[in-house]
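Per-entry structural report
Residues per chain, in single letters:
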Amino acid sequence: MSVRNTPERWGLVSQAFHWLIVALILVIAILGLTMGELPRTPKYFWVYTAHKSLGITVLALMLARLAWRLYAGAPTPAAGTPRWQAGIANLTHWLLYALALAMPLSGWLYDSASGLRPLRYFGQFELPKLVAPSEWIAGLAGQAHDLLFWVLAALVAAHAGAAFYHHLFQHDDTLVRMLPARRRVAPTRSPDHGP
Amino acid sequence: MAHKLTTPAAVAAMLVAMLAPARAADYVQAPGSSLAFATKYDGEMFTGRFGGFDTRLSFDPERLDDARLDVTIELAGTRTGNADRDSTLLGADFFNVGKFAQARYVADRFRALGGDRYAADGTLSLRGVNRPVTLEFTWTPGRPALLSGRATVQRLAFGVGGGDWADTRTIPDEVAISTRVFLTPAP
């Protein structure tokens, strides 16, 4: 598999960014959705620190991923994909990039404005505060963080749903070419597909 | 020369003479007063204001033996600029306002520290615990007069932030209290 992206498939670097960030966002989401149930005592604050540190990790990875995407480009849409579908897919990708940046940024802003305690990356070093403590900003950033999560979840569902649709019903390479697995020759539409 | 305590008028005149100076030095709290605390969480400083407080003071720099300070502090309604922190602060681990809605500070031993500075050695009742606390303050006469003071309270002695919160590397034991009380003569 190529390190760079080719017109047929995503290269090693783009795939690594994609799946690493998928895994991180999944863990962050589980932590974020459940940590509010924990007793609010210092014994459990490490869970919040883990959620925030993983989020900062995603932020850093996303910046690198965006740079790579701008440098390495993207495969062309699988053959036979209508232009409007390719357009929606492209828009979804860029919205996902935007959300994957906006989530950690709104979370970081929420943390800074709350002014509760220092944000130390996995307990190792202190990250700067984006703003001074402010109940107003904390309220807005917290609401944005909650709302954007559900926007992100909806986009992920649409994006993954479309990938499975292409794989299961269109029988094209749209999903497989984001997987490291077999070297499959590009457009193989089964001859018996369609009327 | 002995007073002649023979007529009601004479008795009344003498009582007025005795009471008048004391009454003149009795004060109540005027609007604009503040009572705040400051501490840190994991090195991050924050300040808070209590839900309210009410001050009664008898004070005459010339008669410190007669001075008395009595402050009632409403713990409910304490605000630190963060709703999560506030709810924790009012809960059982900290102020426990469900059980102890008020704190009280009473002092009747006063010392002159020189100039306009004084110290009051009093007792703070907080969370059902009574402990000595010294308030150092400056006194600025006037209408209103201003008492501007500072004290240090050892939170753990009162059980504020026990259990999981007791680690003083996270929250120091000493909490800084500062107050500016405007005082007008008691009606």
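The rules behind the values
- Residues numbered from 1 in each chain as written.
- Chains lettered and ligands numbered in written order.
- Predicted model: local features only at pLDDT ≥ 70, side-chain atom pairs only at ≥ 80, totals over all residues.
- Helix = DSSP H or I, 4+ residues; strand = E, 2+ residues; numbered from the N terminus.
- Buried ≥ 20, exposed ≤ 12 C-beta atoms within 10 Å, placed from the backbone.
- Contact = placed C-beta atoms within 7 Å.
- pLDDT = per-residue confidence, 0-100.
- Axes fitted to C-alpha atoms, helices over the stretch in contact; angles between N-to-C directions.
- Parallel < 35°, antiparallel > 145°, perpendicular 65-115°, else oblique.
- Left-handed = near helix turned anticlockwise from the far one by under 90°.
- Nonpolar A, V, L, I, M, F, W, Y, C, P; charged D, E, K, R; others polar.
- Pairing = 2+ DSSP bridges.

1. Let's talk about the overall build of chain B
- Across its full length, chain B carries two helices and 10 strands.
- Ordering the α and β elements of chain B from the N terminus gives α-β-β-β-β-β-α-β-β-β-β-β.
- With 187 residues in all, chain B has 26% of them scored as buried.
- For chain B, restricting intrachain contacts to residue pairs at least 6 apart in sequence, the fraction spanning at least 24 positions comes to 55%.

2. Brief notes about the confidence of the model for chain B
Residues and elements named next belong to chain B.
- With 88% of its residues at a pLDDT of at least 70, chain B reaches an overall mean of 90.
- Mean pLDDT across the elements of chain B ranges from a minimum in helix α1 (residues 8-24), with 55, to a maximum in strand β8 (residues 129-140), with 98.
- Within the model, pLDDT remains below 50 along residues 20-24, and this stretch shows two contacts once partners closer than five positions in the same chain are excluded.
- This complex was scored by the predictor with a pTM of 0.84 and an ipTM of 0.78.

3. A short note on the packing of helix α3 (residues 83-114) of chain A against helix α4 (residues 135-170) of chain A
Residues and elements named next belong to chain A.
- At a minimum axis distance of 8 Å, the contact between α3 and α4 shows a crossing angle of 155°. By the angle between their axes, α3 is roughly antiparallel relative to α4. Crossing geometry of α3 relative to α4 is assigned as left-handed.
- Its residues assigned to classes, the contact of α3 with α4 shows 20 nonpolar, seven polar and no charged.

4. Some details on the packing of helix α1 (residues 12-34) of chain A against helix α2 (residues 45-72) of chain A
Residues and elements named next belong to chain A.
- Look at α1 against α2: their axes get within 9 Å of each other, and the N-to-C directions meet at 155°. Overall, the two elements α1 and α2 adopt an arrangement that is roughly antiparallel. Our pair here, α1 against α2, has a crossing hand that is left-handed. Mapping the contact onto sequence places V13, S14, F17, L20, I21, L24, I25, V27, I28, L31 and G32 in α1 and V47, A50, H51, L54, G55, T57, V58, L61, M62, R65, W68 and A72 in α2.
- Here the residues of the contact of α1 with α2 sort into 17 nonpolar, five polar and one charged.

5. A look at the pairing of strand β9 (residues 145-154) of chain B
Residues and elements named next belong to chain B.
- For β8 and β9, the ladder comprises six bridges, and the chain directions are antiparallel. Bridge assignment links E136 to a residue of β9, and that residue is R150.
- Counted along the chain from β8 to the antiparallel partner β9, the turn is four residues long, and its residue G142 has a positive phi close to 150°.

6. Quick word on the pairing of strand β6 (residues 102-114) of chain B
Residues and elements named next belong to chain B.
- Note: strand β5 (residues 68-74) against β6, six bridges, orientation antiparallel. Residue pairing for β6: T72 is matched across the bridge by R104.
- With nine bridges joining them, β6 and strand β7 (residues 117-126) adopt antiparallel strand pairing. What sits directly across from F110, in β7, is A120.
- What sits between the antiparallel neighbours β6 and β7 is a turn of two residues, in which G115 has the positive phi angle 65°.

7. Section: the environment of B:T134
Residues and elements named next belong to chain B.
- As for its position among the elements, T134 is in strand β8.
- The partly exposed category is assigned to T134, around which 16 C-beta atoms lie within 10 Å.
- Discounting chain neighbours no more than four positions away, the residues touching T134 are A119, A120, D121 and A151.

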